[in-house]
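Observations on the model geometry
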Amino acid sequence: MADKLVVTGARGPGLTEIARRTGNYGVQPTDSDAEALGKFADAAIQQNPGFKGDTGDTGPANSTYPSVAGITNAPITNLSAIRADGQGGLYTYTTGDFTGQVDNNLVIASGQVPITTGAWVLNTTDYVPAWSSFEQVIVPIAYTRVTTGGFYPQGVYAARSGGASYRLDEDQTTTTSTAWRKKSKNGRWFVLDEQQPSLPMFGCKSGGDRASADANEAPMHAAFDWLNQAFGRRLFIPRAEWGFTTDLRVLKNGACIQGFGADSVLKGWDNARLMVGQCVVLPPDSGSGGRNNKGGIEVLSPRFEDFTVAPDYAHNGEIVCLDFTQKAVFRNVDVGAVGVTGTNGFDGIKTRWTQYTTFYNCTVNVNGNPFLVSMENINPANEDHFTWVGCEFYCGKPRRYTGPSAGILIDWGAGRSAGMLRFTVISPHFARFIDIGRDGTVDDRYSGIAVRKAPGDNTDTRAILGGIVVGGYFENVQRCFDTATFMLNGNDLSHISFEGTNALAFDYFAIGKDVTKGSVGLSNTTPVQGNVWIQGMRAYFGMGNRPNQVTTLFSDYAGFHRFADKESGGSVTTASSATKLKRMGSVTVPSGATTITVTHGLSKIGQGQVPTTTIYTPVCEGWAGGAYVSGEDRSAGTVTFDFIAPTADKILSWTAEIPEE
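Residues numbered from 1 in each chain as written. Predicted model: local features only at pLDDT ≥ 70, side-chain atom pairs only at ≥ 80, totals over all residues. Heavy atoms only, no water.

Some thoughts on the sheet that holds strand β48 (residues 638-642)
For the record, the criterion: For two strands to be treated as a pair, DSSP must find at least two bridges joining them. Helix numbers and strand numbers start at the N terminus; a helix is a DSSP run of H or I with at least 4 residues, a strand a run of E with at least 2. Every axis corresponds to a line fitted to the C-alpha atoms, with the helix fit spanning only the stretch in contact, and the corresponding angles, defined between N-to-C directions, vary from 0 to 180 degrees.
Reading across the sheet, the three strands line up as β45-β48-β47 and stay open at both edges, with antiparallel pairing between neighbours. Pairing within the sheet leaves two strands with one partner each, and these edge strands are β45 (595-599) and β47 (628-633). On average, each strand axis in the sheet is tilted by 25° relative to the strand beside it, whichever way the strands run. Relative to β48, β45 is paired through five bridges, and the arrangement is antiparallel. Of the residues in β48, the one forming a bridge with T599 is T638.

This is the structure we're talking about:
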C-alpha cells in the first residue's frame, strides 16, 4: 500500500483528530493526518482479508476512498470503508431503512442496494456532530460516553456550541426515546449526563431576538421537559439571552434553574412567562365551606438562582408566576425589562397558591407591581409565610398606563377570611422612577406595601396578621404602607411593624381609611422630608423614632395612637422637640392659699394639635387639702387646682396626661 496519502480540503473534526486525542488504532498525539490514515488502513487490513490498500474508486477489494462517490460505489461485501477526503472517517455498511437520512456525513448511500435496505454509516468514537441524528450513527462498544453538538451540526451555530455530554444509560432495557435519551444505530442507549445540562445542549439558540426565540420553541420546551422528569434536576442557563415564545413551566419537586449571573437571561416574547406549578380550580365539596378547591400540580422546594427573566418591550401581565408552589427559593434573580412601549402595565412576580417562599437579593424592575401576592377565596386558604431579604422593589419604568401600583401588593379576594400569618421584609429598598406624566405632573401612584380589595367588598378584612419590615429604605415612594389607595370599599385591619426603617420624600408613611382599624408599629424609624407621617391608622410608637422635616406627624388626633414613652418624648423626637403626652411636676402652695394655677405644657401635641382631653391627678403632700381641678386652658397648657388652705407652706404634686382614645 502507499505509505502516504495526500489529503486536500479544509480539515474538519474527523476521525484523525479524534484518534490523536483518544489513541484509537494506535494513533499518537504527534501523528500527522497521513500517518493516522495509514494506521487506519493497517487496522482495516487486519479486519478485512484481501484488502489491497491502493487508493482508487474501483476494484472489489479497495477500502480507502478519496471521495463520497467512491464509498457510494464501493462493494458492500467489504463491510467497511475509509473516507480519505478532508473530513475523513471510518464507515460501516449497515442494514436498515435509511430513507431521508442520507447527508453524506453520518450516512452515505450505497449504489449497490436501495436506501431502504442499507447504507454506509459513520463509525463514531466520542463525538457526534448532531444529537438529533444520533440514531443514525454507530457507537463502538468500547465507548461509554459521547459529546454532541446539540440539535445543530458542528459549525452551524458555532464550533462545538451547544455541545453536550451523553453517557451510556445503565438502563438498556427501556425502549423509550426522549429529547435527552436516544439509541445509536447499533442499539446502544445513551442519556444526557446530568452534571451540567444547559439550554444549548437541547439546541436552544442565544441572541434573545424574535427569530432565535421562534427557533427555540421546541428545544426550550425539551429542556424543561427534561427538568420535569425527575426530582432535583438542575438546568443551567449560560451567559447570553435565550428567547422563548410560550410559557415555560417548572412542574417537578426540587427542580433548580441555575444561571451564572444577571447576564444569564431568559427573555419571553408574546407575554410568555416563567411559571412554577400548575393550578387547577376544582368545584366545592362538602368540606370546603362553599369555596372552590385547589387542584393541579403543586411544586415543592424549587430553586432559582443567579439569572434574569426579562420580557419584550410590549409585555402585558406578570413576567414570573408562582402558580402553585411552596418552599420556593429565589436567590439573586432579577426580573424586569430594559424598556417599555405602548400603554401596557406589567408586573414582576405574581404568586397565586404559594406559601413558605423566600426571596434573597432579588431585584424586580417593572412599571407595574414588582410583587403581586394573590390571595383568593379558595380551599385551603393558606397563602402566607413570605420572606424577602435584601430585595429591591423598583417601579422604574415610565408610567404610560393609569393604574396605581405597589412594590408588594396584597390582592385580597372577595369572600376570603384567612390572612397572612408571616410577612417578613428585611433590608429592602423600595423606589420608583420619578416620571413626569402626560399632563406635566409628577406621577404619584406608587406605594411600598399595599392591600387591594375587590370592588364591592364592603367587609373589614385583615390581609396581614402580623408583618415586619426591618432595616428598610423607602425612596420617593408616595405611600410606604398603604391600606387606603386600593381599597374602594370596606377597611383592612392589617398590622406591620417597622424597625430601623428610613423613608425619604414621601406623601404618607402609613395611610389607612379608619384610625380605629389598621395599625402600624414604629421603632427607631427616621422619616425625612415627608408630608404626613401617619394618617387613618393607629400607630404604636416604640422608642427612638426621629422624624425630620415632616410637615404633619399625625393627621388624626394623637390620642388615638399608643406611645411606649409618654413622659420624656422618647417615642417621637423631632429636630426641635419631643412629642410628650404626659407631664409631672410639683409646686409650693403658700400657707392660707386656696387655689393655684400650673403650666403643664401639653397645649400642642403632634405638631400643633390641641388636646381634646387631659387627665389631671393632684396630690397634696402632707396635708389634707382635697385638691381638685377647678379650671383648665388646653390651648395654653394650664390647669387650676382648688383646695383647703394649708396652715403652713405645703407641696402639691400633679400629673397631666393625654389619655388614649
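Moving on, there is more to tell.
Examining unusual backbone geometry
Cut-off, in case you're wondering: Only protein chains enter the accessibility calculation, which uses a 1.4 Å probe. A residue is then buried if its area is under 20% of the maximum for its type, exposed if over 50%, and partly exposed in between.
Omega for the peptide link from N379 to P380 comes to -5°, which places this bond in the cis form. A positive phi angle, close to 55°, is found at N104, a residue other than glycine. Of note, the phi angle at N271 is positive, near 65°, even though the residue is not glycine. Assignment of secondary structure puts N271 in the loop between β15 (264-268) and β16 (274-276). A relative accessible area of 35% means that N271 is categorised as partly exposed.

Brief notes about the environment of G570
This is how the line gets drawn: Any two residues whose heavy atoms approach within 4.5 Å at even a single point are treated as in contact.
As for its position among the elements, G570 is in the loop between β43 (562-563) and β44 (582-589). With ten residues separating them along the chain, G570 and K580 place their C-alpha atoms 8.3 Å apart. Not counting chain neighbours up to four residues away, the residues in contact with G570 comprise G542, M543, G544, N545 and D565.

So, the sheet that holds strand β18 (residues 292-297)
The strand order across the open sheet built from three strands is β17-β18-β27, with neighbouring strands paired in mixed fashion. Strands at the two margins of the open sheet, each flanked by one partner only, are β17 (278-282) and β27 (378-379). The pairing of β17 with β18 spans five bridges and is classified as antiparallel. Paired with V281 across the strands is K294, a residue of β18.

Here we look at the pattern of salt bridges
Threshold: In what follows, salt bridge is the name for a side-chain nitrogen of Lys or Arg lying within 4 Å of a carboxyl oxygen of Asp or Glu.
Taken as a whole, this structure holds 17 salt bridges when the rule is applied. Between E170 and R167 there is a salt bridge whose closest N-O contact spans 2.9 Å. Classification of E170 by relative accessible area gives exposed; the value is 66%. The exposure class assigned to R167 is partly exposed, which follows from its relative accessible area of 21%. For R273, the salt bridge is made with E318, and the minimal N-O distance between the two is 2.8 Å. Residue R273 is located in the loop between β15 and β16, and its partner E318 is located in strand β21 (residues 317-326); the two are separated by 45 residues in the primary sequence.

Looking at the side chain of S571
Rules: Pairs of N or O atoms are called polar contacts if they sit within 3.5 Å, as long as, within protein, a hydrogen donor faces a hydrogen acceptor (for residues adjacent in sequence, only side-chain-to-side-chain pairs).
Looking at the element boundaries, S571 is found in the loop between β43 and β44. Looking at S571, its side chain comes within polar contact range of the main-chain nitrogen of A564, at 3.3 Å. From its side chain, S571 meets the backbone nitrogen of D565 in a polar contact 2.9 Å long. Excluding residues within four positions of it along the chain, S571 makes contact with F541, G542, M543, N545, F563, A564 and D565.

Comments concerning the nonpolar core
Counted only if it meets this: The set of buried Ala, Val, Leu, Ile, Met, Phe, Trp, Tyr and Cys residues whose side-chain atoms join them within 4.5 Å is what this entry labels a nonpolar core.
F359, W388, I408, I410, F423, W533 and I534 are the most contacted members of the largest nonpolar core, which totals 135 residues. Looking at this core element by element, the count peaks at six residues for helix α5 (residues 217-227). Those residues in contact with I410 that lie beyond four places of it in its chain are V373, M375, M420, F423, A450, V451, R452, A463 and I464. Counting five residues, the second largest nonpolar core, distinct from the first, contains L372, L409, A450 and F486.

What to know about the packing of aromatic side chains
So the rule is basically this: Each Phe, Tyr or Trp ring, with Trp reduced to its six-membered ring, pairs with another whose centre is within 6.5 Å; inter-plane angles below 30 degrees give stacked pairs, above 60 give edge-to-face pairs, and intermediate values give tilted ones. In this scheme, Lys NZ or Arg CZ marks a charge over a ring once it lies within 6 Å of the ring centre and within 35 degrees of the ring normal.
On inspection of all chains with the given rule, the structure shows 29 aromatic pairs. Geometrically, the ring pair formed by F393 and F430 is stacked, given 4.3 Å between the ring centres and 10° between the ring planes. In this pair, F393 is assigned in strand β29 (residues 392-395) and F430 in strand β32 (residues 429-432), connecting sequence segments 37 residues apart. On the numbers, 6.1 Å between centres and 65° between planes, the contact of F474 with F498 is edge-to-face. In this pair, F474 is assigned in strand β35 (residues 473-475) and F498 in strand β37 (residues 495-499), connecting sequence segments 24 residues apart. When its relative accessible area of 1% is taken as the criterion, F474 is described as buried. Above the face of the F98 ring, K185 is positioned so that its terminal group lies 4.0 Å from the ring centre.

So, the confidence of the model for the chain
As a reminder of what qualifies: A residue's pLDDT is the confidence the predictor assigns to it, expressed on a 0 to 100 scale.
Looking at the chain, pLDDT values average 84 and 84% of them are 70 or higher. Confidence drops under pLDDT 50 across residues 151-161; counting only partners more than four residues distant or on other chains, this segment forms 23 contacts.

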